[in-house]
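# Survey of secondary and tertiary structure
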Amino acid sequence: QVQLVESGGGLVQAGGSLRLSCAASGRTFSSYAMGWFRQAPGKERERVAGISWSGASTYYADSVKGRFTISRDNAKNTVSLQMNSLKLEDTAVYYCAAATVAFPPIATKNYDYWGQGTQVTVSS
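Okay, so let's go over this structure. (Residues numbered from 1 in each chain as written. Predicted model: local features only at pLDDT ≥ 70, side-chain atom pairs only at ≥ 80, totals over all residues. Heavy atoms only, no water.)

In terms of helices and strands, the protein carries zero helices and 11 strands. Ordered by position from N to C terminus, the α and β elements of the protein give β-β-β-β-β-β-β-β-β-β-β. Across its three principal axes, the protein shows a C-alpha extent of roughly 40 × 25 × 25 Å. Here the protein holds 124 residues, and 43% of them are scored as buried. A sequence separation of at least 24 residues applies to 59% of the contacts in the protein between residues at least 6 apart. Of the roughly 6200 Å² of accessible surface on the protein, 49% is carried by carbon and sulfur atoms. Within the protein, one finds 12 positive and 8 negative side-chain charges whose respective centroids are separated by 4 Å. (Helix = DSSP H or I, 4+ residues; strand = E, 2+ residues; numbered from the N terminus. Buried < 20%, exposed > 50% of the residue type's maximum accessible area, 1.4 Å probe, protein only. Contact = heavy atoms within 4.5 Å. Areas by Shrake-Rupley, 256 points an atom, 1.4 Å probe, with all protein chains shown as cover. Lys, Arg positive; Asp, Glu negative; His and termini not counted. Charge placed at Lys NZ, Arg CZ, Asp CG, Glu CD.)

Let us look at the pairing of strand E1 (residues 4-7). Consecutive side chains of a regular strand alternate in pointing toward one face of the sheet and then the other. Of the two faces of E1, the one lined by Leu4 and Glu6 is fully buried and the one lined by Val5 and Ser7 carries no buried residue. Where E1 meets strand E3 (residues 18-24), four bridges bridge the pair, whose relative direction is antiparallel. Bridge pairing in E3 links leucine 4 to alanine 24. (Pairing = 2+ DSSP bridges.)

The nonpolar side chains of a soluble globular protein tend to be buried with one another. Membership of the largest hydrophobic core comes to 30 residues, with the highest contact counts inside it found for Leu4, Met34, Trp36, Val79, Leu81, Met83 and Tyr94. Where this core is concerned, the elements lending two or more residues are E3, strand E4 (33-39), strand E5 (46-51), strand E7 (68-73), strand E8 (78-83), strand E9 (92-99) and strand E11 (118-123). Not counting residues within four places of it along the chain, the set of residues in contact with valine 79 comprises Leu20, Ser21, Cys22, Phe29, Met34, Trp36, Ile51, Ile70, Ser71 and Arg72. (Core = buried A, V, L, I, M, F, W, Y, C linked by side-chain atoms within 4.5 Å.)

What follows covers the environment of glycine 35. If you trace the backbone, glycine 35 turns up in strand E4. A C-alpha to C-alpha distance of 11 Å links glycine 35 and glycine 115, two positions 80 residues apart in sequence. Dropping the residues within four chain positions of it, glycine 35 is found in contact with Ala49, Gly50, Tyr95, Cys96, Ala97 and Tyr111.

The strand order E1-E3-E8-E7 describes an open sheet built from four strands, whose pairing is antiparallel. This sheet does not close on itself; its edge strands, each paired only once, are E1 and E7. The sheet shows a mean angle of 15° between the axes of neighbouring strands, direction not considered. In this sheet, E8 lies alongside E3 in antiparallel orientation, the contact comprising six bridges. Following the sheet pairing, cysteine 22 is matched in E8 by valine 79. (Axes fitted to C-alpha atoms, helices over the stretch in contact; angles between N-to-C directions.)

Okay, here's the thing in structure tokens:
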């Protein structure tokens, strides 16, 4: 069992930065691939970034590539999402999720544990 708690969301102006963090409970965090997802009103939840269990491999949606960076610290049971050059369209609830595989799946159905989400609002 893994419990995930996100933090770091908030209101930021376009062009600004935010850093989201996800703290995981449990002693097997390093065996999970992790993903950051977002869901805007009226839209499906989409994966914006993923990271392998070791942290060696990272994956990004085209819409955030070059602006967002995912990282993890297995010693501290945390995964982070650094978001730079934020745009209005980045506004959404952001979720971290854990999958019991080595590499992060794209589809939400393949994740076993989810956090409660944190709101990110980008204003003009």
